[in-house]
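Observations on chain architecture
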Amino acid sequence: MKPLILGILIFFSSIYSTYACNGVSQEYLGEVLVESREGLYQEPPEQDYARLIAFGLDTRYGVFVRSWLYFELEMVTQKLSMQPDDQAAQQRKQILFNLRRQIDLE
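So, here's what we can say about the structure. (Residues numbered from 1 in each chain as written. Predicted model: local features only at pLDDT ≥ 70, side-chain atom pairs only at ≥ 80, totals over all residues. Heavy atoms only, no water.)

1. A closer look at the packing of aromatic side chains
Our working definition: Note on aromatic contacts: the rings of Phe and Tyr and the six-membered ring of Trp form a pair at centre separations within 6.5 Å, being stacked when their planes are under 30 degrees apart, edge-to-face when over 60 apart, and tilted otherwise. Numbering of helices and strands runs from the N terminus, with a helix taken as a DSSP run of H or I at least four residues long and a strand as a DSSP run of E at least two residues long. Only protein chains enter the accessibility calculation, which uses a 1.4 Å probe; a residue is then buried when its area is under 20% of its type maximum, exposed when over 50%, and partly exposed in between.
Tallying each qualifying case throughout the model produces three aromatic pairs. Ring centres of Tyr28 and Phe55 lie 5.7 Å apart, and the angle between their planes is 50°; on these two criteria the pair is classed as tilted. Of the two residues, Tyr28 is situated in helix 2 (residues 26-40) and Phe55 in helix 3 (residues 50-57); the sequence distance between them amounts to 27 residues. When the centroid spacing of 5.2 Å and the interplanar angle of 75° are considered together, the rings of Tyr70 and Phe71 count as edge-to-face. Residue Tyr70 is classed as partly exposed on the basis of its relative accessible area of 39%. Here Phe71 falls in the exposed class, since its relative accessible area comes to 53%. A connected cluster of aromatic rings, assembled from ring pairs, spans Tyr28, Phe55 and Tyr61.

2. Considering the pattern of salt bridges
Definition in use: A pair is scored as a salt bridge if a Lys or Arg side-chain nitrogen falls within 4 Å of a carboxyl oxygen belonging to Asp or Glu.
One pass over the full model with this rule turns up six salt bridges. Measuring nitrogen to oxygen at the nearest pair gives 3.1 Å for the salt bridge that ties Arg92 to Glu43. In this pair, Arg92 sits in helix 5 (residues 87-105) while Glu43 sits in the loop between helix 2 and helix 3, placing the two residues 49 residues apart along the sequence. Relative accessible area serves as the criterion here: at 58%, Glu43 is assigned to the exposed category. Among the salt bridges present, the one from Asp86 reaches Lys79, with a minimum N-O distance of 3.3 Å. For Asp86, a relative accessible area of 17% puts it in the buried group.

3. As for the packing of helix 2 against helix 3
How we decide: Every axis in this analysis is a line fitted to C-alpha atoms, fitted for helices over the stretch in contact. Angles between the N-to-C directions lie between 0 and 180 degrees. We call two directions roughly parallel when the angle between them is under 35 degrees, roughly antiparallel when it is over 145, roughly perpendicular when it lies between 65 and 115, and oblique otherwise. Left-handed describes a crossing whose near helix is turned anticlockwise from the far helix by less than a right angle; the clockwise case is right-handed. What makes two residues a contact is simply this: any of their non-hydrogen atoms within 4.5 Å. Only Asp, Glu, Lys and Arg are considered charged, only Ala, Val, Leu, Ile, Met, Phe, Trp, Tyr, Cys and Pro nonpolar, and every remaining residue, Gly among them, polar.
For the pair helix 2 and helix 3, interaxial distance at closest approach is 9 Å and the crossing angle is 130°. Classed by the angle they form, the pair helix 2 and helix 3 counts as oblique. The way helix 2 lies across helix 3 gives a crossing that is left-handed. Residues Tyr28, Leu29, Val32, Leu33, Glu35 and Ser36 of helix 2 form the contact with helix 3, whose own contacting residues are Arg51, Leu52 and Phe55. A class-by-class count of the residues in the contact of helix 2 with helix 3 yields six nonpolar, one polar and two charged.

4. Quick look at the environment of Leu69
Positionally, Leu69 belongs in helix 4 (residues 62-82). Since its relative accessible area comes to 0%, Leu69 is described here as buried. Along the sequence, Leu69 and Leu99 sit 30 residues apart, while their C-alpha atoms lie 7.8 Å from each other.

5. Some details on the side chain of Glu72
With respect to the helices and strands, Glu72 occurs in helix 4. Glu72 sits in the buried class, given a relative accessible area of 4%. When neighbours within four sequence positions are excluded, Glu72 is seen to be in contact with Arg37, Leu40, Tyr41 and Leu96.

Here is the structure:
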């Protein structure tokens, strides 16, 4: 009986260690969000958001990324309500809207 229990424990610990090693750290997700935000507010805005989209499509992080996109879009929309002719803000709004669509439609 003891070898069976020991075997089961070893099996589950190996599965856990495999998933724990392949998981993405929260710091890395934060770095991707910071880089995406910096790229968005560059002149002209950076157009490579592949890592952000990959996180958005991952079921573990998708809600967080979509929430981040929602709040960024809200901030840009509020800025546009005060300055409707700001071309850079309009471009950012379009980029954020397209990112949300890409993640939601996949």
